[in-house]
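# Working through the structure, step by step
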Amino acid sequence: MTKFISSTINHFILSIGLLIMIVPIWIIFASSTHSSLFINTNGLQFFLGDNFIDNYSRVLFKQSGFFNEITALKMFFNSFVMATGIATLSVITSLMAAYGLVYFKVKYATFIFWLIFITLLVPLELRIMPSYIVMSKLNLVNTFAGLILPISASAIATFFFRQFYKSIPDELLEAAKLDGTNSLRFFIDFLIPLSRTMIAAVFIFMFVFGYNQYLWPLIMTTSEQYWTVVMGLKTMYGSISDRFAFVIMSMIPPVIIIIFLQKLFIQGIFQNK
Amino acid sequence: MKKVQFKSNYSQYFFLAPQLLILLIFLYWPIIQTFRDAFTMQDAFGFGSQFAGFDNFLFIFSDPSYFTAFKFTIIYSFIITLITGSIGLLLAVQANKVMHGKSAYKTLLIWPYAIAPAVVGVMANYFFSERYGLLHHLFNNLWGFNWYENVFDAYIYVIIAGSWKQISANFIFFLAGLQAIQKTVIEASIIDCKSNIRRFWTITFPLLMPTTFFLIIINITYAFFDTFGIIDTTTIGAPGSETKTLVYKAYIDGFKGLDLGSAGAQSIMMMIIVLVITIFQFRYIEGKIHYN
């Protein structure tokens, strides 16, 4: 009997937690399926309306922005390119750098180590203005490279891979060395297959991180052609239900990735601990 | 590093080069520029600049709005850490106990983690708008809510907006921390201590210490940097500068106010704060916790 009561309490507390996390999004979603006229007179809605297809298709394909040069669909494309670019570049460079740090005798190893990891103290937000000046000197304003490169300049992923490599037993390299495997082969044939879960987790982490960037794209893209979804949120004009629909759509890609790949993500992150 | 390593004269640089190159161009160059800005004074028309020593730093220390931002950032990180940490822990403990529906709860509580802070801010905007806002109406009926004039109300607005999605991150890490605790430890403790609540505080919670401190750092970093998108889509710092975080203020002064010297000095102050927190973490916290 006490067991029943305590489990009821557990479920009760969890349900309140669920309500806090889900109701806000549900209300915005439900409201996005009504017409703007209805919202303006009746406020936010809890029940679904019948304008779902109308609202969402209008938002996806309508030209918007100050100069009407971009559709939401294009913004999704831009965000996707940016997030994929950031995730891919971070994974490749960090995987390699961590390998160089852990598996080699490097001259000035301590110096290089600090050169890489001190950057964890300086998030993009702290160097936003000078970064913009550097990018304009390099002619990278309004390019995908300009959106991707400064955000990929991060040692977070290197840190994860380094921890992971250190947990791999030394015997693996000893055995490989006996077989006469060279460093490039060892990296490609042994380490990369071993790090698959870790690579997936870091990729997911960096993809979500990249997709959710707000300040940097806001500064870097003066041309509407390069607007991303998250910055489009602030600059998009339109009727109230259009904006609700846009908010809901903007969260779909990273949320889907986290929901479907959560197991991989959590496994990878905790492999280190 | 490893005991067994490759000995090579050049191939390590092949592996290190891509990351170092990107860091040098896109990180070190701007950082050096930040330091240069912080120690120079630009004239009002942008024609020239001259070495200014610590003038920019003296200027921000004499600026009352810098202290407002400093105060707000501290309060904001403290409250967000407290709220999201305790709710995340509470939910994780319950989710770890239930027999049925564990994975459903997990999935549904995890996904707000993936939503961008700016998106959360835009959503909060609707809930706190005078016209549609449910929370605005609720608080207004309770005590006369008016966030663009009343500092306390503005705090409530940005704290609710800032905490919401971060509950998910705390939940994920606490749940993983709980699941890592050995079953035998818990079973043994059940024999010694019958009270659930006492057992939690004397056995489980101390075992969760590494996770807790890790999350404190994560939450502080979140409140310092990631909340930019939330502030910029909700209060924009109103009323006055009362809800500007240090990062938001540096951005406004540098990018909108075009005062590069002040923005540079503010960035360097932030770097020092982050450095102090990191050293504190390594020196005091990592040393005092026993990882099993």
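Look above for the structure.
No experiment lies behind these values; they were computed from the predicted model shown.

Definitions and limits used
Starting afresh in each chain, residues are numbered from 1 along the sequence in its written order. All chains are assigned letters beginning at A, and all ligands numbers beginning at 1, according to the order in which they are written. A pLDDT threshold of at least 70 governs which residues receive local features in this predicted model, and a stricter bar of 80 or more applies before side-chain atom pairs are shown or counted, although totals over entire chains, interfaces and linings include all residues. The angle between two axes is taken between their N-to-C directions and runs from 0 to 180 degrees, where each axis is a line fitted to C-alpha atoms and a helix contributes only its stretch in contact. Think of it this way: any DSSP run of H or I at least four residues long counts as a helix, any run of E at least two long counts as a strand, and we number them from the N terminus. We call two directions roughly parallel when the angle between them is under 35 degrees, roughly antiparallel when it is over 145, roughly perpendicular when it lies between 65 and 115, and oblique otherwise. In this scheme the crossing of two helices becomes right-handed for a clockwise turn of the near helix relative to the far one and left-handed for an anticlockwise turn of less than a right angle. Placing C-beta atoms from the backbone, we regard two residues as in contact once those atoms come within 7 Å. Here the term charged refers only to Asp, Glu, Lys and Arg, the term nonpolar to Ala, Val, Leu, Ile, Met, Phe, Trp, Tyr, Cys and Pro, and the term polar to all other amino acids, Gly among them. Put simply, a nonpolar core is buried Ala, Val, Leu, Ile, Met, Phe, Trp, Tyr and Cys residues tied into one set by C-beta atoms within 7 Å. Three exposure classes are used, based on other C-beta atoms lying within 10 Å of a residue's own C-beta, which is placed from the backbone: buried for 20 or more, exposed for 12 or fewer, and partly exposed in between.

### Looking at the packing of helix H8 (residues 156–167) of chain A against helix H11 (residues 196–211) of chain A
Residue and element names in this part refer to chain A. Direction vectors running N to C along H8 and H11 enclose 165°, while the axes themselves pass 11 Å from each other. Overall, the two elements H8 and H11 adopt an arrangement that is roughly antiparallel. Every pair of crossing elements has a handedness; the one defined by H8 and H11 is right-handed. Along the contact surface, H8 presents Ala157, Phe160, Phe161 and Phe164, while H11 presents Met198, Val202 and Met206. Of the residues assigned to the contact of H8 with H11, the class counts are 7 nonpolar, no polar and no charged.

### A few points about the nonpolar core
Residues Val202, Met206 and Val247 of chain A together with Val119, Met123 and Val247 of chain B are the most contacted members of the largest nonpolar core, which totals 146 residues. Setting aside residues up to four positions removed in sequence, Met123 of chain B forms contacts with Pro24, Ile28 and Val247 of chain A.

### Digging into the interface of chain A and chain B
On the chain B side, the residues contacting the 67 residues of chain A number 69 residues. Tallied by class, the residues present in the side of chain A that touches chain B amount to 45 nonpolar, 16 polar and 6 charged.

### A short note on the environment of Ala118 of chain B
With respect to the helices and strands, the residue Ala118 of chain B is situated in helix H5 (residues 117–127). On a C-alpha basis, the gap between Ala118 of chain B and Gly88 of chain B in space is 21 Å, while along the polypeptide they are 30 residues apart. Apart from the residues lying within four places of it in its own chain, the contact partners of Ala118 of chain B are Tyr214, Val230, Leu233 and Lys234 of chain A together with Gly229 and Thr233 of chain B.

### With respect to unusual backbone geometry
Residue Pro239 of chain B is bonded to the preceding Ala238 of chain B through a cis peptide linkage, with omega at -5°. Examined against the element boundaries, Pro239 of chain B turns out to sit in the loop between helix H12 (228–233) and helix H13 (246–256). Despite not being glycine, Asn142 of chain A shows a phi value in the positive range, around 60°. Following the sequence through the fold, Asn142 of chain A ends up in the loop between helix H6 (128–137) and helix H7 (144–152). Overall, Asn142 of chain A belongs to the partly exposed group, with 16 C-beta atoms counted inside 10 Å.

### Considerations on the packing of helix H3 (residues 64–97) of chain B against helix H8 (residues 166–180) of chain B
Residues and elements named next belong to chain B. Relative to each other, H3 and H8 sit at 45°, their axes nearing to 7 Å. Comparing the axis directions of H3 and H8 gives the class oblique. Crossing hand, H3 versus H8: right-handed. Taking contact as the criterion, the partners of Ile80, Thr84, Gly85, Ile87, Gly88, Leu89, Leu91, Ala92, Val93, Ala95 and Asn96 in H3 are, on H8, Gln166, Ile167, Asn170, Phe171, Phe174, Leu175, Leu178 and Gln179. Classifying every residue of the contact of H3 with H8 gives 12 nonpolar, 7 polar and no charged.

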